[in-house]
Amino acid sequence: MNIILLGYPGSGKGTQAKLLVSNLNYKHLSTGDMFRDEIAKKTQLGEKVKSYINNGKLVPDDVVLEVIESKLKDIGDNVLFDGFPRTIEQAEGLEILMDRLGRQIEKVFFFDVDENNVIKRIINRRSCPKCQRIYNLITDPPKNADLCDVCGVKVVERDDDKEEVVTKRMQVYKDLTAPLISYYKSQGIFVQIDASKSVEDVYNQVIKHIN
Ligand code: AMP
């Protein structure tokens, strides 16, 4: 099954994706993680996308689709798309790419949670720069001060999780990404998840639809 995780930044898509990868046979394709990795490695692509990300803007569709195309070739099925697509143009581009490969998207999980709630989560979000494990300083802090439970590396706040950038990202989501809700509803593959609940509860809701 190929699945899209859709929802506000901070709605828990990445956290659930990591659970699905470790518990089931899924492959996580997060465009945000991919871009951050390219920025950290100071590649040409990283340099190209950096200013968009740090200013809370979307990376242009053609750049995103080119990256996705190169990944899709080798990855096979059972893909979790996290943070992609983020515009109608990207959704249409994905459909073309999947058609060409004889594959399809079976489900779109929409992580429904209100804006104030996600802003609170994002401001308290920290992540491990090495393994990308996500923490919440209030509900799921690292066990040992500010060190990742898995790697022992200091957890960090993403540059684009700073309050002023978050406001911009929220607006971009409303303008460009939220239209995907009706787009996928009309395709009959849309599943609404109550993402205001605990990580475990959200996971159980998702699993019910996968099984
Ligand atoms: P995320 O980790 O999914 O919140 O993504 C972080 C940032 O990376 C976003 O705010 C965008 O600047 C950029 N980005 C990630 N995925 C996409 C995408 N599908 N389209 C455009 N920009 C993206």
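Residues numbered from 1 in each chain as written. Predicted model: local features only at pLDDT ≥ 70, side-chain atom pairs only at ≥ 80, totals over all residues. Heavy atoms only, no water.

**Q** Explain the overall build of the protein chain here, please?
**A** Each helix and strand counted, the protein chain has 9 helices and 7 strands in total. Against the 2.2 N^0.38 benchmark of 17 Å for 211 residues, the protein chain shows a C-alpha radius of gyration of 16 Å, consistent with a compact globule. In terms of overall dimensions, the protein chain has C-alpha extents of about 45 × 40 × 30 Å along its principal axes. Counting over 211 residues, the protein chain shows a buried share of 45%. Taking contacts inside the protein chain between residues at least 6 apart in sequence as the whole, the part at least 24 apart equals 71%. Element-wise, carbon and sulfur atoms account for 49% of the exposed surface of the protein chain, whose accessible area totals about 10,800 Å². Side chains of the protein chain carry 31 positive and 32 negative charges; the gap between the two charge centres is 3 Å. (Helix = DSSP H or I, 4+ residues; strand = E, 2+ residues; numbered from the N terminus. Rg over C-alpha atoms; globule rule 2.2 N^0.38 Å. Buried < 20%, exposed > 50% of the residue type's maximum accessible area, 1.4 Å probe, protein only. Contact = heavy atoms within 4.5 Å. Areas by Shrake-Rupley, 256 points an atom, 1.4 Å probe, with all protein chains shown as cover. Lys, Arg positive; Asp, Glu negative; His and termini not counted. Charge placed at Lys NZ, Arg CZ, Asp CG, Glu CD.)

**Q** Please clarify how the state of the cysteines should be interpreted in this entry.
**A** Disulfide: a covalent bond connecting the sulfur atoms of a pair of cysteines. Using the criterion set out here, one finds 0 disulfides in the structure. Considering cysteine sulfurs only, Cys 148 is the nearest to Cys 128, which forms no disulfide, with 3.7 Å between them. The exposure class assigned to Cys 148 is buried, which follows from its relative accessible area of 4%. (Disulfide = S-S within 2.5 Å.)

**Q** What exactly am I supposed to notice about unusual backbone geometry here?
**A** With omega at -5°, the peptide bond leading from Phe 84 into Pro 85 counts as cis. Along the chain, Pro 85 turns up in the loop between strand 3 (79–82) and helix 5 (88–100). A positive phi angle, close to 55°, is found at Lys 42, a residue other than glycine. Looking at the secondary structure, you find Lys 42 in the loop between helix 2 (31–40) and helix 3 (44–54). Backbone geometry places Asn 78, a non-glycine residue, at a positive phi of 65°. Among the structural elements, Asn 78 can be located in the loop between helix 4 (61–75) and strand 3. When its relative accessible area of 22% is taken as the criterion, Asn 78 is described as partly exposed.

**Q** Hey, could you run me through the packing of helix 2 against helix 3 in this one?
**A** Each pair of packed helices gets described by two things: the angle between the helix axes and the distance between those axes. Running from amino to carboxyl end, helix 2 crosses helix 3 at an angle of 115°, the nearest separation of the two axes being 8 Å. Here helix 2 and helix 3 pass one another in a crossing that is left-handed. Packed against helix 2, whose contacting residues are Phe 35, Glu 38 and Ile 39, the element helix 3 presents Leu 45, Gly 46, Val 49, Lys 50 and Ile 53 at the interface. Taken together, the residues that form the contact of helix 2 with helix 3 break down as 5 nonpolar, 1 polar and 2 charged. (Axes fitted to C-alpha atoms, helices over the stretch in contact; angles between N-to-C directions. Left-handed = near helix turned anticlockwise from the far one by under 90°. Nonpolar A, V, L, I, M, F, W, Y, C, P; charged D, E, K, R; others polar.)

**Q** Explain the packing of aromatic side chains to me, please; I cannot follow it from the model alone.
**A** Using the criterion set out here, one finds 4 aromatic pairs in the structure. With centroids separated by 4.3 Å and ring planes inclined at 35°, the aromatic side chains of Tyr 8 and Tyr 173 adopt a geometry described as tilted. Taken together, the residues Tyr 8 in the loop between strand 1 (3–6) and helix 1 (13–23) and Tyr 173 in helix 7 (residues 163–177) connect sequence positions 165 residues apart. Looking at Arg 133, its charged tip hangs above the ring of Tyr 135, at a distance of 4.2 Å from the centre. (Phe/Tyr/Trp six-rings, centres within 6.5 Å; stacked < 30°, edge-to-face > 60°. Lys NZ or Arg CZ within 6 Å of the ring centre and 35° of its normal.)

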